[in-house]
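Okay, here's what each chain looks like letter by letter:
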Amino acid sequence: MTDIIDGEKLRQKYLRKGMLPTIFCAGCGHGSAIDYVLRAIDELGLDMDKVAFASGIGCSSRIPGYLNADGLHTTHGRALAFATGLKAANPDLTVIVFTGDGDGIGIGGNHFIHAARRNIDITVILLNNFIYGMTGGQLAPTAPLGSIASTAPYGNIEDAFNICELAKALGAAYVARWPIHYPYQPIKSIKEGIMNKGFALIELMSPCPTAFGRNNKMGDVDVLWRWYEEHSILVEDYERIMTYGTEEEKEMVRGKFQIGVFQNVRKEGFFERNDRLIQRLIAEDDARWAKEGK
Ligand code: SF4
């Protein structure tokens with residue numbers, strides 16, 4: 001079993017001290033996300049010179065700036081487009097993207113769809129706090145029905161985007177969702193996502209006491225964590241209840257956030273197909289040249 005690295009060693013080994021402290025508000029979940037990703041990297045024994053990060057704009061997208069590794073802090077919603085280019089230019093890199101629900105699914109939704117359907121070998125850590133935190137608390141497409149945002153002062157009337165269901169439907173190789181206050185499961189999922197040679201989405205429900213919490217009278221982090229507990233259910237339990245439960249039990253879990261691993265499959269990705277295509281074209285070219293006697 002790998003030795004568990006303590007927090008101080010983790011900071012010394014992986015963080016850029018000149019960039020600290022972080023911009024995160026008290027009670028924000030994003031610091032835990034950094035911790036989990038670095039622990040996953042450490043436990044996998046990855047060489048940080050062969051890891052590169054990419055992000056768009058938003059609180060979570062500031063994360064690569066704190067990490068002592070190469071990173072791209074890009075334009076709003078475009079992290080996956082840049083990350084795809086990065087991976088294509090250097091397939092040996094482990095490419096990890098930090099994005100938020102507003103950045104990655106609102107503004108960058110189209111890039112998300114296409115990166116997932118191409119099954120590009122990238123690991124996406126999507127910090128879902130149900131709101132645009134950095135830019136003023138506007139309504140995000142993940143916001144629960146009825147929730148309050150600066151652009152929805154009377155309550156959200158739109159159904160929420162289920163990011164994991166979308167990624168799964170698009171054929172992403174690895175898809176998981178965990179609340180940020182579960183420490184071990186996210187680390188395990190991040191490791192599994194990095195090891196899977198395909199598109200990996202790890203959605204972490206990360207509390208934003210400042211924008212989402214304050215607007216929704218859940219400004220204390222323990223209130224948000226309790227809300228996560230009360231509104232989430234393991235995907236296995238959800239499916240069991242929906243198959244064998246009584247109508248009353250089904251009604252109690254309907255609408256809860258399902259958490260867990262939704263998909264973990266080994267399937268051919270974009271780069272493998274691209275390599276095969278190149279090999280085929282070279283072989284066809286060689287055969288044509290040989291036939292023409294050149
Ligand atoms: S605004 Fe929200 S998401 Fe951004 S740092 Fe503060 S608590 Fe975190």
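Residues numbered from 1 in each chain as written. Predicted model: local features only at pLDDT ≥ 70, side-chain atom pairs only at ≥ 80, totals over all residues. Heavy atoms only, no water.

Caption draft 1: Summary view of the pairing of strand S10 (residues 257-264). In this structure, strand S7 (residues 174-179) lies alongside S10, joined through 4 bridges in antiparallel fashion. Paired with Tyr174 across the two strands is Asn264, which belongs to S10. Sheet topology places strand S9 (residues 232-234) next to S10; 3 bridges connect them, and they run parallel. By the bridge assignment, Ile233 is partnered in S10 with Gln258. (Pairing = 2+ DSSP bridges. Helix = DSSP H or I, 4+ residues; strand = E, 2+ residues; numbered from the N terminus.)

Caption draft 2: Expanded view of the sheet that holds S10. Pairing within the open sheet is mixed, and its 8 strands lie in the order S2-S1-S3-S4-S8-S7-S10-S9. Here the strands that pair on one side only, and so sit at the sheet edges, are strand S2 (70-73) and S9. Looking at each pair of strands side by side, their axes are set apart by 20° on average, direction ignored. Here strand S3 (residues 94-100) runs beside strand S4 (residues 123-128); their pairing, made up of 5 bridges, is parallel. Bridge pairing in S4 links Gly100 to Leu127. Across the sheet, helix H11 (residues 235-244) is in contact with S9 and S10; its angle to S9 comes to roughly 85°. (Axes fitted to C-alpha atoms, helices over the stretch in contact; angles between N-to-C directions. Contact = heavy atoms within 4.5 Å.)

Caption draft 3: Spotlight on the environment of Ile259. Mapped onto the elements, Ile259 comes out in strand S10. Overall, the relative accessible area of 2% leaves Ile259 in the buried class. The contact partners of Ile259, leaving out residues within four places of it in the chain, are Arg177, Trp178, Pro179, Tyr182, Met205, Ser232, Ile233, Leu234 and Val235. (Buried < 20%, exposed > 50% of the residue type's maximum accessible area, 1.4 Å probe, protein only.)

Caption draft 4: View of helix H13 (residues 270-291). Relative to the 32 Å expected for 22 residues at 1.5 Å per residue, H13 spans 31 Å between its end C-alpha atoms, a close match to the ideal helical length. Just downstream of H13 lies Gly293, where phi reads positive at about 70°. (Expected span 1.5 Å × (residues − 1).)

Caption draft 5: Up close: the pattern of salt bridges. Scanning the entire structure with this criterion turns up 16 salt bridges. For Lys191, the salt bridge goes to Glu43, with nearest N and O atoms at 2.6 Å. Linking Lys191 in helix H8 (residues 184-195) with Glu43 in helix H2 (residues 30-44), this pair joins segments that are 148 residues apart in sequence. On the basis of relative accessible area, Lys191 is assigned to the partly exposed category, the value being 22%. (Salt bridge = Lys/Arg side-chain N within 4 Å of Asp/Glu carboxyl O.)

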